[in-house]
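Structural description and commentary
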Amino acid sequence: MSDVWDGVAEEFLHLYRRGGRLLAVAGADAERSRTAADALADALEARGERVTRVHADTADAAALRTEIVAPFREDRASDRVLLVSGPAGLLDGEARGLWNFTVWQLAGAERPHTAASALVDLTDPGHPSRRFADYCALPSAYRA
């Protein structure tokens, strides 16, 4: 199970090495997002990262900014990651701009989110797999 999360952690850390970094894990099933984010937090911590884990019940950008992001930013400690899990809306609208990196978890025939930095298929939770989507090949009728 850890190979997928190790790969996502490596990609995130390659792109965002230092400072206060914000990472969101979302999907159609918010509880599944929580489990996925916990696994990703473990992979980041195994690499020596300081991770603050939060699960959001809302995707309201103003509430996320006030209740989660601002307190994290106020703590001036460097080199740490805020990893937020929650509902699909974490990657939509104004909330989308809060994160440095995003993971969309999906299962079965659920559609991927075009704004996600990484897609992880959890159809078999014990054996997650990385999914890569070519959005240029999607039909014009597809909307995410």
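Per chain, the residues get numbers from 1 upward, laid out in the order the sequence is written. Reporting of local features is limited, given that this is a predicted model, to residues whose pLDDT is at least 70; pairs of side-chain atoms are given and counted only at 80 or more, and all residues count toward the totals for whole chains, interfaces and linings. Side-chain metrics in this entry use all non-hydrogen atoms of the structure; hydrogen atoms and water are not considered.

A word on the sheet that holds strand S3 (residues 80-87)
- Strands pair, by our definition, only if DSSP identifies at least two bridges between them. Starting at the N terminus, helices and strands are each numbered in turn, a helix being any DSSP run of H or I of at least four residues and a strand any DSSP run of E of at least two. On the basis of which strands lie adjacent, the open sheet formed by six strands has the order S2-S3-S1-S4-S5-S6 and mixed pairing. What marks the edges here is a single partner per strand, and that holds for strand S2 (50-55) and strand S6 (129-131). Sheet twist, expressed as the average angle between the axes of neighbouring strands with direction ignored, equals 25°. Lines fitted to the C-alpha atoms define the axes, with helices restricted to the stretch that makes contact. Angles between their N-to-C directions range from 0 to 180 degrees.

Considering the nonpolar core
- One finds Trp 5, Leu 23, Val 25, Leu 40, Leu 44, Leu 83 and Val 103 to be the most contacted residues of the largest nonpolar core, which totals 23 residues.
- Those elements that provide at least two residues to this core are helix H1 (2-15), strand S1 (20-27), helix H2 (30-45), S3, strand S4 (101-106) and strand S5 (118-121).
- When residues of this core are assigned to their parent elements, the largest contribution, seven residues, is made by H2.
- A contact between two residues is defined here by any heavy atoms of the two lying within 4.5 Å. Residues in contact with Leu 23, not counting those within four places in the same chain, are Phe 12, Leu 40, Leu 44, Val 81, Leu 82, Leu 83, Val 84, Trp 99, Phe 101 and Val 103.
- In terms of nonpolar packing, the next biggest core, distinct from the first, is built from 20 residues, Ala 26, Ala 61, Phe 72 and Leu 91 among them. Joining through side-chain atoms within 4.5 Å is the link that ties buried Ala, Val, Leu, Ile, Met, Phe, Trp, Tyr and Cys residues into a set, and such a set is a nonpolar core. For every residue, the accessible area (1.4 Å probe, protein chains only) is compared with the maximum for its type, and the residue is labelled buried under 20%, exposed over 50%, or partly exposed between those bounds.

Section: the pairing of S5
- Of the two faces of S5, the one holding Ala 118 and Val 120 and the one holding Leu 119 and Asp 121 are both buried throughout.
- Here four bridges tie S4 to S5, and the two strands are oriented parallel to one another. Bridged to Trp 104 within S5 is Leu 119.
- Two strands pair when backbone bridges link them, and S5 and S6 are joined in this way by three bridges, in the antiparallel orientation. Each residue of the ladder has a partner; that of Leu 119, found in S6, is Arg 131.

Quick look at H1
- Between the first and last residue of a helix there are one fewer steps than residues, each counted as 1.5 Å, and that sum is the expected span. Taking 1.5 Å per residue, 14 residues should reach 20 Å; H1 reaches 20 Å between its end C-alpha atoms and fits that length.
- Each element contacted by the buried residues of H1 is listed here: S1, H2, S3, S4, S5 and S6.

Some points on the packing of aromatic side chains
- Pairing of aromatic rings covers Phe, Tyr and the six-membered ring of Trp, with a centre-to-centre limit of 6.5 Å; geometry is then stacked below 30 degrees between planes, edge-to-face above 60, and tilted otherwise. Considering all chains together, one arrives at two aromatic pairs under this definition.
- On the basis of an interplanar angle of 35° and a centroid distance of 5.7 Å, the ring pair of Phe 12 and Tyr 16 is categorised as tilted.
- Where Phe 12 meets Phe 101, the ring centres are 5.6 Å apart and the plane angle is 70°; that geometry is what we call edge-to-face. Of this pair, Phe 12 sits in helix H1 while Phe 101 sits in strand S4, and the two are 89 residues apart along the sequence. For the pair shown, Phe 12 and Phe 101 are each scored as buried.
- Either the NZ atom of lysine or the CZ atom of arginine qualifies as a charge over a ring when it sits within 6 Å of the ring centre and within 35 degrees of the ring normal. Here the basic side chain of Arg 80 rests over the ring of Phe 72, its NZ or CZ set 3.9 Å away from the ring centre.

What about unusual backbone geometry?
- Of note, Asp 79 is a non-glycine position whose phi angle comes to about 55°, a positive value.
- Inspection of the secondary structure puts Asp 79 in the loop between helix H3 (61-74) and S3.

Comments concerning the packing of H1 against H2
- Between H1 and H2, the shortest axis-to-axis distance is 9 Å and the interhelical angle comes to 65°. Between H1 and H2 the crossing geometry is right-handed. On the side of H1, the interface is formed by Trp 5, Asp 6, Val 8, Ala 9, Phe 12 and Leu 13, while H2 contributes Ala 36, Ala 39, Leu 40, Ala 43 and Leu 44.
- Put simply, Ala, Val, Leu, Ile, Met, Phe, Trp, Tyr, Cys and Pro go in the nonpolar bin, Asp, Glu, Lys and Arg in the charged bin, and everything else, Gly too, in the polar bin. For the contact of H1 with H2, the class distribution of residues is 10 nonpolar, no polar and one charged. Should the near helix be turned anticlockwise from the far one by less than a right angle, the crossing is termed left-handed; should it be turned clockwise, right-handed.

Functional significance is not addressed by these values, which are geometric in nature.
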